[in-house]
Amino acid sequence: MQTERKDPGGKAGGQVFLGLMLGLAALALVALLGAAVFMSEPEIGGLAGDVMANIETTGLANPVTAVLLDFRGYDTFLELVVMFVAVLGVWSLGRPLPPIVPAPTPVLGLAVRLIAPISVVFAGYLLWIGATEAGGAFQAGAVLAGAGVLAFCAGMMPDFEIRQPLLHRVLLALGMTAFLAIGVMVMAAEPGQAARTFLDYPDALGKWLILAIETAAMIAIALTLLALFQGARPQRRTF
Amino acid sequence: MFAVAGVALFGIGCMGLLRSGTDLRRILALNVMGVGVFNVLIATAYDPAGASDPVPHALVITGIVVAVSATAFALVLARAAGRDEDAD
Amino acid sequence: MIPDPGLPWVLLAVLAPLAGAVLAFVLSLAAAQIAAIVGIVTTVSVVGALRQTIEQGATAYVIGGWSPPLGIALVNDGIAAMMLGMTATVFVAAGLAASRYVQGERGVLFWVLFLGLWASLNAHFLSGDLFNLYVTLELVGLSAVALTGFTLKPAALRAALNYLYVSLGGSLLYLMGVALLYRAYGALDIATLASMFEPDLPSFTALGLMTLGLLLKSALFPLHFWLPAAHANAAAPVSALLSAVVVKAAFYLILRLWLEFAPPPGAYACLGVLGGGAVIWGSIGALRAPRLKLLIAYSTVAQLGYLFLAFPLLNEGAVALEAILLFALTHAVAKAAMFIAAGDIATAVGHDRLGQLKDPGRPLAPAKFAFAIAGVSIIGLPPTGGFVAKWLMLTGSIDAGNWLIAAVLIVGSLLAGAYVFRAVARFFVSRPAIAAIGTPVLVGGRGWEALGLATASLLLGFSSGLVEMVLRAAEPLGGSR
């Protein structure tokens, strides 16, 4: 079981008092928050009007994907950086711990053989459909990662970090790299036109560039989630 | 309704975080708080007239990915910290 | 509408360290060299961004071709430009110092995290969008926590975990405020929101939540409980980054929000009181700290207090903002100098327990002098930047008739004098450590980076006009007062 935080003995009383005060403050805060939510009349629509007025230009029909990949693509770019940093953080914690996975059973193996191909097809479908309907890189990446986790538990997942460390690292960073590279590449001015800013896709290519970024992001998300699930960097050799 | 439920979850998460407990409980409390915020955001997107605002939906997707990454890191860090304290 | 900057230096300041991080990660070799090259590129782009602010005033770089409120812009006003400069200065010095500490395969991860934190901070200081700022807050928090626990010592891991709880909890409080604001106004862009902001209960609740979350992250008394352990247990160059820059990220956002959304005067007074409490409490903590790095960490609690102590003066005239920024910049370089010097001294002597700390000897002379000069700046004696900033706060508080602030300033300086002397006396007055005599200094540094930073804190005393000039050239967005 987890150990309690070690406090120097004398501070315990003060900590209880502080905790009590903080608890009261939190209650007051939530009451205020509730009042604020009740009192405020939500601004109907928000930015929906702006999104709908400009969605034609993006070449996408799904407004959520348009916001994620185009209007607020910079957010999504940084979010992939967050995932990258999370893997770095997990790997920086050193020694792998004994994994908490159940022992593989024949049923699990069968399930993986059935589910894995379906997952890959389904992920591809989600990625493609994301342009027009609900779906997209995150959903597709999560589906792939789910299949990967199952395969990992069944002991059937080839360990990329040990077999192909360079490729594994490339793929882990692929999502943010695609964003970065494509975002910078579109800045090159076409003849006779003013320079574009970062992530400002040309109208004609926009849809395809977004699909490329989404594909890269899907792969990176799936592998990142799997790496986070593993909880440590697989060790190549023993020192 | 969603908004009120969101505020309630956020409050429960806050209390859970402030009550001293195990690391696992704290991480769960943080996630409950997060779900509360996402609920409020989704409630904001709802428009009785029909079309909903896509921006909060996109924010929630981004928020969930951030939350999942942070949670995974927190769990591994908690195990690492707990392991060394047990060994002491 | 804020004009476009022309050359996208601000974009380069974010993308260069990120590209370097990816490259170092994928190649997994020559990470320190990649970090050095990227460090130079980033520093150059920060200088470019600073020049732009002085020449052109505030600028906004629109990402993706979608102007706010639909899209996101990188906003470079006077305050943001100075924060970028502060970050670059501290990162260059800490990076040089860190190159002695880390090697091998773990070294790669260190440099990738180092560059990731730098990019995150630059992105944070430049962002003009409330939700994007949530993402940058999380980025800064996660990479800072990972670096805190990087030594893998049990105390560091526990401190990192508590720091992570505070960081995530603070971010969620902030995000709830953002959600409420979007609910009320349907926008996330700060400038757009500022033009619509109504002083009603929901708006102030949202602002209050955001401020509370950020206060937690910037460790204002009594929410500082997590800071001393985290900053004292990290490796010295990391401590320098955490104390000098990372806590300022949350502070910067509070300052920015309050300048834009102008909460009621009572709130300013409230922060002022907490700031005063932080000055006294942190100084007492520093006086009682058994270890050198813990002393410096408590000093950060006290010094952060000054930043908030001057908040009530923000409504009294422009000089308060100038004082706060000068204080933040000087504290950054002085505190980073102290941590790096302390790290070098602790490596040479073998420990940092104040009771048994001895003169580290001649080879460590730069570190000793760096600590002393930085200490003079922390106390606030002339001719350092710390003195000028405190003098501006003092005259401001007397002009405003606020004697309480003046009193805290004077008492705080006396206490700072006492705790700085506590440490400096060990280096200069005590007999040299036996171990240091005749022992060549191999692993540790001599403190040259620290001396460079300490000199910067001196120079800021002479060039305080620069802060005023940058602020005046690029009227900050909320600087309408």
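Quantities reported herein were computed from a predicted structural model and do not represent experimental measurements. Along each chain, the written sequence defines residue order, and numbers are assigned to residues from 1. Chain letters start at A and ligand numbers start at 1, both assigned in the order the entries are written. In keeping with the predicted nature of the model, local features appear solely for residues at pLDDT of at least 70, side-chain atom pairs appear and are counted solely at 80 or more, and the whole-chain, interface and lining totals rest on all residues.

1. What to know about the overall build of chain B
To keep it simple, the criterion reads: For helices the rule is a DSSP run of H or I covering at least 4 residues; for strands it is a run of E covering at least 2, with both sets numbered from the N terminus onward. Here the globule rule is a power law, 2.2 Å times the number of residues to the power 0.38, and the radius of gyration is based on C-alpha atoms. Note that contacts rest on C-beta atoms placed from the backbone: two residues are in contact if these are within 7 Å.
When helices and strands are counted, chain B shows 3 helices and 0 strands. Going from the N terminus to the C terminus, chain B shows its helices and strands as α-α-α. Expected size for 88 residues packed as a compact globule is a radius of gyration near 12 Å; at 16 Å, chain B overshoots this value by more than 25%. Along the longest, intermediate and shortest principal axes, the C-alpha atoms of chain B span 60 × 25 × 10 Å. The contacts in chain B between residues at least 6 apart in sequence include a share of 50% that link residues at least 24 apart.

2. Examining the interface of chain A and chain C
Test applied: The nonpolar class holds Ala, Val, Leu, Ile, Met, Phe, Trp, Tyr, Cys and Pro. Asp, Glu, Lys and Arg form the charged class, and all remaining residues, Gly among them, are polar.
Taken together, the 43 residues of chain A in the interface contact 46 residues of chain C. When residues of the side of chain A that touches chain C are traced back to their parent elements, those giving at least two are helix H1 (12-39), helix H2 (48-58), helix H3 (63-71), helix H4 (73-92), helix H8 (165-172) and helix H9 (174-185) of chain A. For the side of chain A that touches chain C, the element with the most residues is H4(A), which contributes 13 residues. The residue inventory of the side of chain A that touches chain C, partitioned by class, reads 24 nonpolar, 10 polar and 9 charged.

3. Thoughts on the environment of B:Val4
Following the sequence through the fold, B:Val4 ends up in helix H1 (residues 2-18). For the pair B:Val4 and B:Phe73, spaced 69 residues apart in sequence, the C-alpha to C-alpha distance is 30 Å. Excluding its chain neighbours within four sequence positions, the residues that come into contact with B:Val4 are A:Gly34 and A:Val37.

4. Focus on the packing of helix H13 (residues 319-349) of chain C against helix H14 (residues 365-379) of chain C
In a packed pair of helices, the relevant descriptors are the angle between the two axes and the axis-to-axis distance. Residues and elements named next belong to chain C. Here is the rule: All axes here are fitted lines through C-alpha atoms, helices being fitted over the stretch that makes contact, and every angle between N-to-C directions spans 0 to 180 degrees. An angle below 35 degrees is read as roughly parallel, one above 145 as roughly antiparallel, one from 65 to 115 as roughly perpendicular, and any other as oblique. The sense of a crossing depends on the near helix, which, turned anticlockwise from the far helix by less than a right angle, makes the crossing left-handed and, turned clockwise, makes it right-handed.
Packing of H13 against H14 leaves a shortest axis separation of 8 Å and a crossing angle of 150°. Put simply, H13 runs roughly antiparallel to H14. The interaxial crossing formed by H13 with H14 has left-handed handedness. When H13 is examined against H14, the residues Thr-330, Ala-334, Ala-337, Met-338, Ala-341, Ala-342, Asp-344 and Ile-345 are found in contact with a partner set consisting of Ala-367, Ala-370, Phe-371, Ala-374, Ser-377 and Ile-378.

5. Things to note about the pairing of strand S2 (residues 72-76) of chain C
All names here are of chain C. This is how the line gets drawn: Note on burial: count the other C-beta atoms lying within 10 Å of the residue's C-beta; 20 or more is buried, 12 or fewer is exposed, in between is partly exposed, and C-beta positions come from the backbone. Pairing between strands requires that DSSP locate at least two bridges from one strand to the other.
Among the 5 residues of S2, 5 are classified as buried, and the element is accordingly described as predominantly covered. A two-sided burial pattern is seen for S2, the buried positions comprising Ile-72, Leu-74 and Asn-76 on one face and Ala-73 and Val-75 on the other. Of the strand pairs in this sheet, strand S1 (residues 59-63) and S2 are connected by 5 bridges, and their pairing is antiparallel. Its bridge partner being in S2, Val-62 is matched across the sheet by Ala-73.

6. Points about helix H3 (residues 78-98) of chain C
Inclusion rule: Each helix should span, by expectation, one fewer than its residue count multiplied by 1.5 Å.
An ideal rise of 1.5 Å per residue puts 30 Å on 21 residues; H3(C) measures up with 30 Å between its terminal C-alpha atoms. Within H3(C), 19 of the 21 residues are buried, which leaves it mostly tucked inside the rest of the structure.

7. A word on the nonpolar core
Proteins that are soluble and globular tend to have nonpolar side chains buried together. Under the convention used in this document: For the purposes of this analysis, a nonpolar core is taken to be any set of buried Ala, Val, Leu, Ile, Met, Phe, Trp, Tyr and Cys residues that are connected through C-beta atoms within 7 Å.
B:Leu77, C:Val90, C:Ala336, C:Ala337 and C:Ile340 are the most contacted members of the largest nonpolar core, which has 321 residues in total. If one sorts the elements of this core by residue count, H13(C) sits on top with 23 residues. Excluding residues within four positions of it along the chain, C:Ala336 makes contact with C:Val90, C:Ala93, C:Ala94, C:Ala240, C:Ala244 and C:Leu453.

8. Quick notes on unusual backbone geometry
Residue and element names in this part refer to chain C. With an omega of 0°, the peptide bond running from Phe-221 to Pro-222 counts as cis. Its place among the elements puts Pro-222 in the loop between helix H8 (201-218) and helix H9 (227-233). For the peptide bond that leads from Pro-382 to Pro-383, omega is 5°, which places it in the cis range. With a phi angle near 60°, Ser-28 is a residue other than glycine that sits in the positive phi range. Within the fold, Ser-28 resides in the loop between helix H1 (9-27) and helix H2 (31-56). Positive phi values are uncommon outside glycine, yet Ala-219 reaches one of about 60°. For Ala-219, the location among the structural elements is in the loop between H8 and H9.

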